Amino acid sequence: MDTEQEMVRETTLVPTQTHTAPGETISVAGGVAGHVALTEDLHAAAQAIDDAATLLMEATMWSLATENQIDSLPYALMPDQEWQRTKAQCSVAAVMAGPTGTKRAEEVLTEMSDRLRVTVTAMEEAETAAFRTISSVARVKAAIADLAGMPAYLTRGLAWGVWSSVPVNMALRAGPGDPVGDALNPGVPQTSGIVNRDVLDGLGLIVNDAAYRSMVILLAARLALEELRWLEPKYLTMSRRDGLFADRHPSESLADVVTTVRDIEELGDGSVAIQRVPSADGDRYIVTIPGTQDWWVRSGNTNDAQADAAAMAGQMTASMQAVVDAMVVAGIPGDAEVMLVGHSQGGINAMALASAPWFTQRFNVTHVVTTGACVARFETPPHIQSLHIEHPEDIVPGLDMMPNPDRPNQTTVTHAISQSTDPALVAMGQTIGGAHHLNGYIASTEIAESGISGSVDAFKDSAQGFLTGGPGVTTTVYTQEVTPLHHVPYLAHQ
Amino acid sequence: MDRTQLLVAADAVTQAITRLQCAQETEWKSVAADHMRTELYGAIQGLRAISTAIDDALDDVGSLNFSGMYGLN
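Let us look at the structure shown here. A quick note: this is a predicted structure, and the numbers were derived from the prediction, not measured. (Residues numbered from 1 in each chain as written. Chains lettered and ligands numbered in written order. Predicted model: local features only at pLDDT ≥ 70, side-chain atom pairs only at ≥ 80, totals over all residues. Heavy atoms only, no water.)

Right, let's talk about the overall build of chain B for a bit. Helix and strand counts for chain B stand at 2 helices and 1 strand. Each helix and strand of chain B, placed in order from N terminus to C terminus, yields the pattern α-β-α. When the 73 residues of chain B are sorted by exposure, 45% land in the buried category. Contacts in chain B between residues far apart in sequence, at least 24 positions, make up 63% of those at least 6 positions apart. Carbon and sulfur atoms make up 54% of the accessible area of chain B, which totals about 3,500 Å². (Helix = DSSP H or I, 4+ residues; strand = E, 2+ residues; numbered from the N terminus. Buried < 20%, exposed > 50% of the residue type's maximum accessible area, 1.4 Å probe, protein only. Contact = heavy atoms within 4.5 Å. Areas by Shrake-Rupley, 256 points an atom, 1.4 Å probe, with all protein chains shown as cover.)

So, about the side chain of Ser91 of chain A. Looking at the element boundaries, Ser91 of chain A is found in helix α3 (residues 79-96). Look at Ser91 of chain A and you get buried, because its relative accessible area is 11%. A distance of 2.2 Å separates the side chain of Ser91 of chain A from the side chain of Asp60 of chain B, its partner in a polar contact. In this structure Ser91 of chain A touches Asp56, Ala57 and Asp60 of chain B, once residues within four positions along its chain are discounted. (Polar contact = N/O pair within 3.5 Å; in protein donor to acceptor, adjacent residues only side chain to side chain.)

Another aspect to go through is the pairing of strand β10 (residues 474-482) of chain A. In terms of strand pairing, strand β3 (residues 235-241) of chain A meets β10 of chain A through 6 bridges, oriented antiparallel. Bridge assignment links Tyr235 of chain A to a residue of β10 of chain A, and that residue is Val482 of chain A. (Pairing = 2+ DSSP bridges.)

Counting 41 residues, the largest nonpolar core has Ile274, Val287, Met327, Ile332, Leu340, Phe359 and Val368 of chain A as its most contacted members. Among residues more than four places away in sequence, those in contact with Leu340 of chain A are Val287, Met327, Ala350, Leu353, Ala354, Phe359, Val365, His367, Val368 and Val369 of chain A. Formed by 38 residues, the second largest nonpolar core is a distinct cluster that contains Ala16, Met36, Ala43 and Ala57 of chain B. (Core = buried A, V, L, I, M, F, W, Y, C linked by side-chain atoms within 4.5 Å.)

This brings us to the packing of helix α11 (residues 305-312) of chain A against helix α13 (residues 345-354) of chain A. Residues and elements named next belong to chain A. One can describe the packing of α11 onto α13 by two numbers: an axis separation of 10 Å at closest approach and a directional angle of 35°. Between α11 and α13 lies a crossing whose hand is left-handed. Residue-level inspection shows Ala307, Asp308, Ala311 and Met312 of α11 in contact with α13, the latter providing Gln345, Ile348 and Asn349. Taken together, the residues of the contact of α11 with α13 break down into 4 nonpolar, 2 polar and 1 charged. (Axes fitted to C-alpha atoms, helices over the stretch in contact; angles between N-to-C directions. Left-handed = near helix turned anticlockwise from the far one by under 90°. Nonpolar A, V, L, I, M, F, W, Y, C, P; charged D, E, K, R; others polar.)

On to α11 of chain A, then. Residue and element names in this part refer to chain A. With 8 of 8 residues buried, α11 lies mostly within the body of the structure. Taken as a whole, α11 has its buried residues at Ala305, Gln306, Ala307, Asp308, Ala309, Ala310, Ala311 and Met312. Each element contacted by the buried residues of α11 is listed here: α9 (209-229), α12 (318-329) and α13. Its side-chain oxygen at 3.3 Å from the backbone nitrogen of Gln306, Asp304 defines the N-terminal cap of α11. Two residues or fewer past α11, Gly314 is found with a positive phi of approximately 85°.

This paragraph deals with the packing of helix α10 (residues 254-267) of chain A against helix α17 (residues 438-448) of chain A. All names here are of chain A. Between α10 and α17, the shortest axis-to-axis distance is 8 Å and the interhelical angle comes to 170°. When the axis of α10 is compared with that of α17, the two are roughly antiparallel. When α10 is examined against α17, the residues Leu254, Ala255, Val258, Thr259, Val261, Arg262 and Glu265 are found in contact with a partner set consisting of Leu438, Asn439, Tyr441, Ile442, Thr445 and Glu446. Residues that form the contact of α10 with α17 fall into these classes: 7 nonpolar, 3 polar and 3 charged. (Parallel < 35°, antiparallel > 145°, perpendicular 65-115°, else oblique.)

Let us look at a nonpolar patch on the surface. Together, Met57, Met61 and Leu64 of chain A make up an exposed nonpolar region whose accessible area comes to about 280 Å². What makes Leu64 of chain A partly exposed here is its relative accessible area of 34%. (Patch = residues over 30% accessible without salt bridge, like charges linked within 9 Å, V, L, I, M, F, W, Y side chains within 5 Å. Salt bridge = Lys/Arg side-chain N within 4 Å of Asp/Glu carboxyl O.)

Whether parallel or antiparallel, the strands of a sheet pair through hydrogen bonds between backbone atoms. All names here are of chain A. Strand order across the open sheet formed by 9 strands is β2-β9-β8-β7-β6-β5-β4-β10-β3, with mixed pairing between neighbours. Looking at which strands have only one partner, the edges of the open sheet turn out to be β2 (26-30) and β3. For this sheet, the mean angle separating the axes of adjacent strands, direction not counted, is 20°. One ladder, built from 5 bridges, connects strand β4 (residues 272-277) with β10; its direction is antiparallel. Among the inter-strand pairings, Ile274 is bridged to a residue of β10, identified as Thr476.

The subject of this paragraph is the pairing of β4 of chain A. Look at any regular strand and the pattern is simple: side chains alternate between the two faces of the sheet. Residues and elements named next belong to chain A. Taken across its 6 residues, β4 has 5 buried, putting it largely inside the fold. The pairing of β4 with strand β5 (residues 284-289) spans 5 bridges and is antiparallel. Bridge pairing in β5 places Ile274 opposite Val287. Between β4 and β5, which pair antiparallel in sequence order, lie 6 residues; one of them, Gly282, sits at a positive phi of approximately 110°.

Residues and elements named next belong to chain A. Relative to the helices and strands, Glu265 is located in helix α10. Buried within the structure, Glu265 lacks any salt-bridge partner; its nearest side chain of opposite charge belongs to Arg262, at an N-O separation of 9.7 Å. Among residues more than four places away in sequence, those in contact with Glu265 are Pro290, Gly291, Thr292, Gln293, His343 and Leu438. (Lys, Arg positive; Asp, Glu negative; His and termini not counted.)

Dropping the structure here:
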């Protein structure tokens, strides 16, 4: 085997991704063990070796110049001086010559830094290739299954529609039940094989930043007009809601934190939960932010479709203001460490606030956790650690049409639930709604924090102060106040 | 020539080894990196040997200066 072949074999990387959760298809990008942090270090190491080679070259130059100076010295009359000159000549020659001399060492180090750079490049290329967690074969199979199932779904849906319209069916439903109707009901179609993040990433290749921004700005403006048209109640402020979540178990894991997101989201009214974690070195606060709860713009709930588009357009929204107001009402001090946690729109809001200088100057955000949120277009300061849990079957994290960046302070866990060993997760991964559901994200977070990745472990270690549990931890819910409905002519008649 | 510069370079190579070691503890295991680590340890020893050789050479050249054959640096 020649040297070149040997080099190729030696730079082969094994394995490329973490699969330590038994049977789960899961990948982790970014964070302290992410390839950017790692390759930055290795590039620095290659540079250090280059610098050492440069010093060796300088040492060789010095030796040559000194050798010439010694040679040009006048002939010494005294024998001891001649002995000293010979000794100095030998010493200087020894610096340069031989297998351990400066010349050879410089060659070795230069070759070594080149090889290190080849290795780093191979790592970067392997990372790019391996980031897709589901194999191409599995993707194609899922798409074919969805397409093949569509005619059967439509046929069944048609039969169900016909059956539902006949009088006997109505009588059955009013009385003993309708087993035929139940059997025919096609439910939600399997769509995640053809409508998923791949499709949006593909669109992202042809939609540049400016076009994307224009698109979401126009959408946000259009939905704002709809809010005016429907005279949507206006958000006023947040107020403390005593009693709710008062006996909540303190968060001791990241999955506990995400579970609180699910529970606050189920309230459906834009409420924000704030958990205060006392400690000897000062209180810490976990701010839990719900996702989209009004998929149109009429209810007065700030977490609506307009807020989604506006947040992606980089605008301040009422739902972000609600989070800020809740934090102010809760009396969170400016120097207290804060973890922002959110799902879907809640995750967008968390990252939007954590990347806004006015907000980070007001509050000491140290950690952000998001699930099922499109967060790639936000960049937080380097001292804020963020963890993003995503499902490739879920289209919402892909709505920004670009993959999350790999940064040392930003870790993304991608868990392909349709490939899971858990049948419940597999079923959730078949539909758009299921893939986005928080129950799936709670399961994925449990797997993510089970020691599968150095980046996630480092994130969790750094967030340990928020997860101490203990009797002093309190959870308080803050609820939105909006203009009364009777002030709104249209809704007063609903 | 200052031999301490080479010792600083040896430290830099030590740092390179640490970083390679970190890389090997992640999913990015590389056969090449394993080989390089051994070679880098060799390079550190080489740099230290060279710095000692430079030290000796500086002493000997210094002796020449002391004995009146100045003009060397």
